[in-house]
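# Descriptive structure summary
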Amino acid sequence: MDPIDVMGAKHVDAIVALERLIRVAQARLVEQVADFYELRLATHAGDRDLALTVAAETAMARGQSPTAGRNLLELAMGLRPMPILRTAFGEGVVSEPVVRAIVRVVRTLDPATITLIDAALAGALAGLTPAQAADLVRELVVSHDVEAAAERERRARADQFVSYWAEPDGVGTLIVHGPAEQLVGIRQSLQAHADRLRARGDDRDRGQIMVNTLFERVTGVETVAGPDIDLSIVLPIEALKGEAAAAKDHIGTTGWSPQAEPKARQAPGRSPAPARNEPGRRRRRSRAPHKCRQPGCSCRIREIDHIRPHRNGGPTTEANGQGLCRMSNLVKELPGWSVHAGSHGEVTWTTPTQHTYTSPPPRPHRRT
């Protein structure tokens with residue numbers, strides 16, 4: 001074998017070993033989360049917020065949002081009645097994405113049925129991708145109870161929503177969840193329309209045409225005209241003077257684009273005036289795409305919170321205010337949780353197990 005290939009083989013062997021180690025560690029993590037929940041359940045059986053507080057504490061220990069912690073807790077408890085899958089995960093045979101795909105399919109079943117499905121997976125898990133694993137489990141579920149599978153599909157198809165995820169540089173992701181045949185039909189129609197336009201000489205790429213067409217069909221507004229939307233601009237005074245400075249334009253509650261600076265300079269007499277009263281500043285901050293102040297959480301701010309609760313004498317001031325996502329604001333009010341502001345803008349959260357996590361002060365923004 002060529003010496004280069006020999007060295008390459010060693011690197012690949014290391015990658016394989018490390019991937020297996022990662023899987024084993026992830027399995028141990030999931031088991032710890034389930035054990036933690038069951039321990040709390042045994043000692044706080046009447047606590048209706050038990051799952052949320054466990055999910056939040058787990059997430060904070062991992063530097064994640066409460067929603068991520070809740071997803072991990074659901075995975076951990078969904079695995080409990082599946083000894084075959086748990087063993088395969090613990091031995092590094094399957095990856096976490098495969099485990100998540102399987103648990104997602106069986107999560108609405110009763111524990112006894114889940115265990116039966118799990119038993120049928122013996123010897124069939126190695127080498128499966130998440131999609132292959134999900135397809136296999138769906139076949140097992142349908143063969144076990146056709147009527148129940150039809151009812152689950154009915155409930156799943158009723159769960160429809162449209163959401164939006166803001167990204168840097170003036171772009172975002174629109175997420176649509178609904179009946180598969182409708183979504184496939186939308187995509188195929190957009191693709192066919194884009195292909196026709198490109199065949200006629202349209203120089204936009206396929207994706208651009210599809211997005212532009214979707215916008216036009218939904219809103220009834222041509223993309224060349226531009227949408228009628230709320231546009232807020234946050235930028236330092238240097239930008240208005242023509243000097244180089246970072247600027248951010250906020251479209252509703254979406255992402256931002258450096259194009260704000262030239263736009264602002266082209267709009268004389270419309271310099272951004274910051275609000276002078278605390279309620280005004282708080283409203284503006286809640287609209288801007290800043291991140292939740294809970295340690296580890298990167299969700300967008302949805303609610304403005306008193307760090308020291310108003311009911312306990314906390315003043316309505318900027319120093320006592322913080323922006324939180326909805327889930328973090330719920331967590332903060334749970335029994336055993338406390339939040340304290342530091343002298344330099346940092347905020348420290350203390351969990352029911354007395355672990356502490358600190359969120360650094362937000363980056364300062366120049367104001368006019």
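The sections below set out a description of the structure shown in this document.

Parameters and conventions
Residues numbered from 1 in each chain as written. Predicted model: local features only at pLDDT ≥ 70, side-chain atom pairs only at ≥ 80, totals over all residues. Heavy atoms only, no water. Salt bridge = Lys/Arg side-chain N within 4 Å of Asp/Glu carboxyl O. Helix = DSSP H or I, 4+ residues; strand = E, 2+ residues; numbered from the N terminus. Buried < 20%, exposed > 50% of the residue type's maximum accessible area, 1.4 Å probe, protein only. Patch = residues over 30% accessible without salt bridge, like charges linked within 9 Å, V, L, I, M, F, W, Y side chains within 5 Å. Areas by Shrake-Rupley, 256 points an atom, 1.4 Å probe, with all protein chains shown as cover. Axes fitted to C-alpha atoms, helices over the stretch in contact; angles between N-to-C directions. Parallel < 35°, antiparallel > 145°, perpendicular 65-115°, else oblique. Left-handed = near helix turned anticlockwise from the far one by under 90°. Contact = heavy atoms within 4.5 Å. Nonpolar A, V, L, I, M, F, W, Y, C, P; charged D, E, K, R; others polar. Pairing = 2+ DSSP bridges. Core = buried A, V, L, I, M, F, W, Y, C linked by side-chain atoms within 4.5 Å. Polar contact = N/O pair within 3.5 Å; in protein donor to acceptor, adjacent residues only side chain to side chain. Disulfide = S-S within 2.5 Å.

## Examining the pattern of salt bridges
The tally for this structure, following the rule as stated, stands at 13 salt bridges. Residue Arg 206 is joined to Asp 195 by a salt bridge in which the shortest nitrogen-to-oxygen separation is 3.1 Å. Taken as a pair, Arg 206 in helix α10 (residues 206–219) and Asp 195 in helix α9 (residues 180–199) lie far apart in primary sequence, 11 residues in all. Since its relative accessible area comes to 35%, Arg 206 is described here as partly exposed. Looking at Asp 195, the relative accessible area reads 38%, which means it is partly exposed. The shortest N-O distance in the salt bridge between Glu 333 and Lys 332 comes to 3.4 Å. Residue class for Glu 333 comes out partly exposed when judged on its relative accessible area of 37%. Ionic contacts of the salt-bridge type, sharing partners, join the residues Glu 31, Asp 35, Glu 38, Arg 80 and Arg 86 into one network.

## Comments concerning a nonpolar patch on the surface
A cluster of nonpolar side chains, contributed by Val 162, Tyr 164, Leu 174, Val 176, Ile 186, Leu 214 and Val 218, occupies part of the molecular surface with about 620 Å² of accessible area. Listed by contribution, the elements that provide at least two residues to the nonpolar patch are β1 (161–167), β2 (171–177) and α10. The topology assignment puts Val 162 in strand β1.

## Observations concerning the packing of helix α2 (residues 50–61) against helix α3 (residues 66–79)
One can describe the packing of α2 onto α3 by two numbers: an axis separation of 7 Å at closest approach and a directional angle of 110°. Classified by the angle their axes make, α2 and α3 are roughly perpendicular. Here α2 and α3 pass one another in a crossing that is right-handed. Note on element contacts: α3 touches α2 through Pro 66, Gly 69, Arg 70, Leu 72 and Leu 73, opposite Ala 51, Val 54, Ala 55, Thr 58 and Ala 59. Grouping the amino acids of the contact of α2 with α3 by side-chain chemistry returns 7 nonpolar, 2 polar and 1 charged.

## Points about the pairing of β1
The sheet contact formed by β1 and β2 spans 7 bridges and is antiparallel. Paired with Tyr 164 across the two strands is Leu 174, which belongs to β2. The turn linking β1 back onto β2 is made up of 3 residues, and Asp 169 within it adopts a positive phi angle of 65°.

## Some thoughts on the sheet that holds strand β7 (residues 338–341)
Read from one edge of the open sheet, 3 strands run β7-β8-β9, paired in antiparallel fashion. Whereas interior strands pair on both sides, the edge strands pair on one side only; in this sheet they are β7 and β9 (356–359). For this sheet the average axis-to-axis angle between neighbouring strands, irrespective of direction, equals 20°. Across 4 bridges, the pairing between β7 and strand β8 (residues 347–350) is antiparallel. When the bridges of β8 are listed, Ser 338 appears paired with Thr 350.

## Some remarks on the nonpolar core
Counting residues in hydrophobic clusters, the biggest one holds 36 residues, and the most contacted among them are Leu 85, Val 94, Val 99, Ile 102, Val 106 and Val 137. Leave out the neighbours within four places in its chain, and Leu 85 touches Leu 79, Val 94, Val 99, Ile 102, Val 103, Asp 118 and Leu 125. Leu 52, Cys 292, Ile 307 and Val 331 belong to the second-largest nonpolar core, a separate cluster that totals 16 residues.

## Let's talk about the side chain of Gln 294
Examined against the element boundaries, Gln 294 turns out to sit in the loop between α13 (278–287) and β5 (303–306). A distance of 2.7 Å separates a polar atom in the side chain of Gln 294 from a polar atom in the side chain of Ser 328. Apart from residues no more than four positions distant in its own chain, Gln 294 is found in contact with Met 60, Gln 64, Pro 66, Leu 324, Ser 328 and Trp 349.

## Quick word on unusual backbone geometry
The backbone of Gln 354 shows a phi angle near 70°, a positive value even though the residue is not glycine. Judged by relative accessible area, Gln 354 falls into the exposed class, the value being 57%.

## Focus: the state of the cysteines
Simply put, disulfide is the name for a covalent bond between the sulfur atoms of two cysteines. Inspection of every chain in the model, using the stated rule, returns 0 disulfides. Free of any disulfide, Cys 292 has its nearest cysteine sulfur in Cys 297, 3.8 Å distant. Here Cys 325 is not cross-linked by a disulfide; its sulfur's nearest cysteine counterpart is in Cys 297, at 3.8 Å.

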